[in-house]
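Residue-level listing of the chains:
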Amino acid sequence: MSAPVDNLMMDYPLTITQFFERSRRLWAKKVLSTRVPGQPLFRYTYADFAARTQRLAGGLTALGMRRGDRVATLAWNSHRHLELYWAIPLMGGVLHTLNFRLAPRDLTYIVNHARDTIVFCDASTWPVLDTIRKDCPSIRTIVVMKDTPEAPVPPGALEYESLLASATPAAAWPQLAETQAAAMCYTSGTTGNPKGVVYTHRAIYLHCLAESMTDTMALSERDVILHIVPMFHANAWCVPFAAVMLGATQIFGGPNPQPRDIAGIVQAEKVTFVGAVPTVWIAVKELVEKEGYDISSIRMIPSGGSAVPPSLMDVFEKKFGASMMHAWGMTEMTPLGTISRLKSYMRDLPDAEQLAIRAKQGYAAAGVDLRVADEHGREAPWDGTTMGEIQVRGPWILKSYYDAPESADRFTPDGWFRTGDLATIDAEGYIQITDRTKDVIKSGGEFMSSVALESLIMGHPDVLEAAVIAVPHPKWIERPLACVVPKAEAKGRLTEGDIIEFLRPQVAKWMLPDEVVFIDAVPKTGVGKFDKKVLRERYKGWQAKDG
Ligand code: AMP
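Here the structure is a predicted model, which is why all the values come from computation and not from measurement.

Rules used in this analysis
- Residues numbered from 1 in each chain as written.
- Predicted model: local features only at pLDDT ≥ 70, side-chain atom pairs only at ≥ 80, totals over all residues.
- Heavy atoms only, no water.
- 1 Å grid on protein atoms, 1.4 Å probe; cavity = no way out; pocket = protein on both sides within 12 Å on 5 of 7 lines; lining within 4 Å.
- Points joined across faces, edges and corners; volume = space filled by probe spheres on them.
- Helix = DSSP H or I, 4+ residues; strand = E, 2+ residues; numbered from the N terminus.
- Domains from an automatic or database assignment.
- Near = heavy atom within 4 Å.
- Polar contact = N/O pair within 3.5 Å; in protein donor to acceptor, adjacent residues only side chain to side chain.
- Areas by Shrake-Rupley, 256 points an atom, 1.4 Å probe, with all protein chains shown as cover.
- Nonpolar A, V, L, I, M, F, W, Y, C, P; charged D, E, K, R; others polar.
- Pairing = 2+ DSSP bridges.
- Axes fitted to C-alpha atoms, helices over the stretch in contact; angles between N-to-C directions.
- Parallel < 35°, antiparallel > 145°, perpendicular 65-115°, else oblique.
- Left-handed = near helix turned anticlockwise from the far one by under 90°.
- Contact = heavy atoms within 4.5 Å.
- Buried < 20%, exposed > 50% of the residue type's maximum accessible area, 1.4 Å probe, protein only.

Caption draft 1: Structural view of the layout of surface pockets. Roughly 550 Å³ of volume is contained in the second largest pocket. Lining the second largest pocket are 26 residues, and of these Arg101, Pro257, Thr279, Val280 and Gly528 lie nearest its centre. Elements that contribute at least two residues to the lining of the second largest pocket include exactly helix H9 (259–269) and helix H10 (278–291). The leading source of residues in the lining of the second largest pocket is H10, at three residues. Looking at which domains feed residues into the lining of the second largest pocket, each of domain 1 (12–27 + 46–217) and domain 2 (439–538) supplies at least three.

Put into structure tokens, the structure is as follows:
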């Protein structure tokens, strides 16, 4: 009988401890910085970062954090937030990033549901915590980080720098299992209560590797990364974890960064990589066009969270020399699912065809199983037209929400997660999101993509933003209503007829919106996406024209 051949590799746990220790040794001289309003960037080295993270870890032990305890952050992007990103999970705690833009009711629900014990909050976000803390009995300690130097520390709270100064640095990291919880995020909760997603060390570890691959984001030590995606939104797309693993230069956007801050930092620091949702890029585009910043150092802008209008990608690429790449994912997926890169043999296609492919959400990242399926789990053909729900599975996709048995129906009997996103998939495997299930417009017997219409309308040179929602119709059940924000210089001049005539050659007749309303701004969610729920509420009683 021959000797067994299976399982002869080490059972080495995939924990982020490995990344941290390697990073500390290799990248000690590399620099991390944070924007401080009205001052030059605050800068320190990876060696400083590692030493402070170790002190913070000691401080967490002194505060009584035990394995599995949820430790919350309510903070802007900063080097301190990065220290928490690492120290909490390295010590076996669970980093729970809170979105301070949520309604107090939702935030209270989330803190109570997660049973957060310690909260690290910025001085500038303290008023939010102050409003809810009396209703959150699990919070026993609050630590305030002075994100603006003159900020006072509220009575009863500890101060972050004092905590570090008095802490004994952790002598060693605990041995952790790869399945242990490292971090946690709640979904925005557009329907029902927010739901918690808990990331294991293993999920983050594997996601960091996949995200850095050349055919996904090609992240490397050579990158200068500006963090604008909020660190409370799906781990800032996991980039703060991957960037430390790689030793990239990192700049944190600080409190409430505006388009001028983003463009200014990109120009001054020669940023190569900066992600954000499309609404941020719409605003940056306006500014760069008007004031002429040089942002051509950017090699990649990953954008997602909602569909990126192709016209926006085109301007960044052709006018600003900054390549924008469409990515799709969700909190439930750590978050990367797909990325839209051209395949090598597509590089010779005419420009317009290349743009049309890149405007899709792309193909599945290595490690993600993805299918577009009907309600019975039957896969849609790869024809680019049949619509179905995106379903996914893989090592960084949730198996279950945290303590939410009522959401078992989000999983299929054969083990796929139902994303709730509707899409088509083409012959090359590129998905195109047509809508969230709840946003799709059902006109007559046909489904119409509100996302497709919005993207086209935002290609009009006088339009800043556009969102399309369904309004009831006596004959067609639903019809599209286009809510359009004109650019400042086109206010009062741009008409409904202009929008319709612009769309007419681009869409089927039945897809033309019956009506266009002009609004001052599209309402945004806490993470900067279009909040169509608010628009639907606003136009609840609206009756579409009998067209
Ligand atoms: P969140 O968990 O807050 O990141 O939201 C995830 C949802 O955002 C997805 O289920 C999609 O509906 C939407 N989304 C994310 N990326 C894209 C994208 N590139 N295009 C269109 N929708 C997107």
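Caption draft 2: Seen up close, the site of the ligand. Neighbouring the ligand are 16 residues, the closest being Gly305, Ala327, Thr331, Asp421 and Lys529. Within the contact set of the ligand, an oxygen atom lies 3.0 Å away from a side-chain nitrogen or oxygen of His233. When isolated, the ligand has an accessible area of 500 Å², and the protein chains bury 91% of it. With four residues, the top contributor of residues to the shell around the ligand is strand S14 (residues 324–329). The residue inventory of the shell around the ligand, partitioned by class, reads four nonpolar, nine polar and three charged.

Caption draft 3: The arrangement of the sheet that holds strand S15 (residues 336–339) in detail. The strand order across the open sheet formed by four strands is S13-S14-S15-S16, and the pairing between neighbours is mixed. A single partner strand is all that each edge strand has here, and the edge strands are strand S13 (301–303) and strand S16 (363–364). Of the strand pairs in this sheet, S15 and S16 are connected by two bridges, and their pairing is antiparallel. Across the sheet, residue Ile339 finds its bridge partner in S16, namely Tyr363.

Caption draft 4: Here's a closer look at the packing of helix H1 (residues 17–26) against helix H2 (residues 46–62). Packing of H1 against H2 brings their axes to within 8 Å, and their N-to-C directions diverge by 135°. Considered as vectors, H1 and H2 are oriented oblique to each other. Crossing geometry of H1 relative to H2 is assigned as left-handed. Contacts between H1 and H2 involve Phe20, Ser23 and Arg24 from the former and Tyr46, Phe49, Ala50, Thr53 and Gln54 from the latter. In terms of residue class, the contact of H1 with H2 is built from four nonpolar, three polar and one charged.

Caption draft 5: Seen up close, the domain arrangement of the protein chain. Domains assigned within the protein chain are domain 1 (12–27 + 46–217) and domain 2 (439–538). One C-alpha centre belongs to domain 1, the other to domain 2; they are set 39 Å apart.

Caption draft 6: Fine view of the side chain of Thr108. Looking at the secondary structure, you find Thr108 in helix H4 (residues 104–114). Residue Thr108 is classed as buried on the basis of its relative accessible area of 13%. Within polar-contact distance, the side chain of Thr108 engages the backbone oxygen of Pro104 at 2.6 Å. What Thr108 contacts, discounting residues up to four positions off in sequence, is Ile132, Asp135 and Cys136.

Caption draft 7: Just the sheet that holds strand S5 (residues 118–122), in detail. Ordered by their spatial adjacency, seven strands build an open sheet running S7-S6-S5-S3-S4-S8-S9, and the pairing between neighbours is mixed. With one partner strand each, in any of the chains shown, strand S7 (158–159) and strand S9 (196–200) form the two edges of the open sheet. With two bridges joining them, strand S4 (residues 94–97) and strand S8 (residues 181–186) adopt parallel strand pairing. Bridge pairing links His96 to Met184 in S8.

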